[in-house]
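The residues making up each chain are set out below.
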Amino acid sequence: MRWDSLFDDLAGQLDDELEADDAGVRLEAERLRRGRLTLRERVLALQADLGTDEALVVELVDGSTWRLRVRSVGKDWLQASAGVRDRQELIVPLSAVAAVALTETQVDWSLDEVAPHEPRLLDRLTISFLLRDLARRRSNVLVRTRSGRWAGTIDRVGRDHLDLAVHEPGSVRRARDVEQIRLIAFSELVVVERAD
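As the structure is a computational prediction, the values presented were derived from the model and not from experiment.

### What to know about the pattern of salt bridges
In step 1: What the rule picks out here adds up to eight salt bridges.
In step 2: Among the ionic pairs, Arg 173 bridges to Asp 155, the shortest N-O distance being 2.9 Å. Residue Arg 173 is found in the loop between β8 (161-166) and β9 (180-185), and its partner Asp 155 is found in strand β7 (residues 149-157); the two are separated by 18 residues along the sequence.
In step 3: The exposure class of Arg 173 is partly exposed, given its relative accessible area of 28%.
In step 4: Overall, Asp 155 belongs to the buried group, its relative accessible area being 15%.
In step 5: Each member of the salt-bridge network shares a partner with another, and the members are Asp 133, Arg 136 and Arg 137.

Shown next as structure tokens:
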């Protein structure tokens, strides 16, 4: 009988050690997952919990701060609305996001594991695709860079830059009204705002 209690005690110790090992493995796996998270993944997790109703406070590399309602997130950009009644439609390169101010609850949400999903088209679309669409539509835009801002129409979009025909905000692009064509590197883009 004493042997039975000894074996029961050893089995209990082994179970406790195996549970501790499993907990350690799970904890380390979670640390690794969190260490690999990108800003894009955290914004996607926030978007899933916040929806499009709650605004995020986003600081951009030009020093400006925006209250953005994130509408969609692409491969290297986010599309959001801002301003009174969300009238401003913005495209923000993720590389232009300097910081996102979060509450404790939002931090927890941003660390959530987003449920795996079928690859979506948005996950593959780059900012150049969105800008080409604006160019095709001949939309008036306000382009903010790290060094300034210009109103005009996007004429062309290359791999790493765009051609902006600078003209009066809200006016139709006419050759005689174009003040200059600016080649703007994507690395300098902070915000592209639809102005029409």
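Having seen it, we continue.
### Thoughts on the environment of Leu 60
In step 1: Note that Leu 60 resides in strand β1 (residues 56-60).
In step 2: Put simply, Leu 60 and Val 191 are 131 residues apart on the chain and 8.8 Å apart in space, counted from C-alpha to C-alpha.
In step 3: With near-sequence residues (within four places) excluded, Leu 60 lies in contact with Trp 66, Val 92, Ala 96, Val 97, Ala 98, Val 190 and Val 191.

### Some points on the pairing of β8
In step 1: Counted residue by residue, β8 has five buried out of six residues, so it is predominantly covered.
In step 2: Pairing of β7 with β8, which is carried by five bridges, proceeds in the antiparallel orientation. From the neighbouring strand, Ile 154 faces β8, where its bridge partner is Leu 164.
In step 3: Examined bridge by bridge, β8 and β9 share six bridges and lie antiparallel to one another. Note that in β9 the partner of Leu 162 across the bridge is Ile 184.

### Remarks on the sheet that holds strand β5 (residues 97-101)
In step 1: Read across the open sheet, the ten strands follow the order β5-β1-β2-β3-β4-β10-β6-β7-β8-β9; overall the sheet is antiparallel. Since the sheet does not close on itself, it has two edges, and those belong to β5 and β9, each with one partner. Within this sheet the neighbouring strands show an average axis-to-axis angle of 40°, counted without direction.
In step 2: Two strands pair when backbone bridges link them, and strand β3 (residues 77-82) and strand β4 (residues 88-93) are joined in this way by six bridges, in the antiparallel orientation. Looking across to β4, one finds that Trp 77 is bridged to Pro 93.
In step 3: With respect to the sheet, helix α2 (residues 39-50) is in contact with β1, β2 (65-73), β3 and β5, its orientation differing from that of β2 by roughly 85°.
In step 4: The sheet strands contacting helix α5 (residues 127-137) are β3, β4, β6 (140-145), β7, β8 and β10 (189-194), and the helix crosses β7 at an angle near 95°.

Reading guide: rules and limits
Residues numbered from 1 in each chain as written. Predicted model: local features only at pLDDT ≥ 70, side-chain atom pairs only at ≥ 80, totals over all residues. Heavy atoms only, no water. Salt bridge = Lys/Arg side-chain N within 4 Å of Asp/Glu carboxyl O. Helix = DSSP H or I, 4+ residues; strand = E, 2+ residues; numbered from the N terminus. Buried < 20%, exposed > 50% of the residue type's maximum accessible area, 1.4 Å probe, protein only. Contact = heavy atoms within 4.5 Å. Pairing = 2+ DSSP bridges. Axes fitted to C-alpha atoms, helices over the stretch in contact; angles between N-to-C directions.

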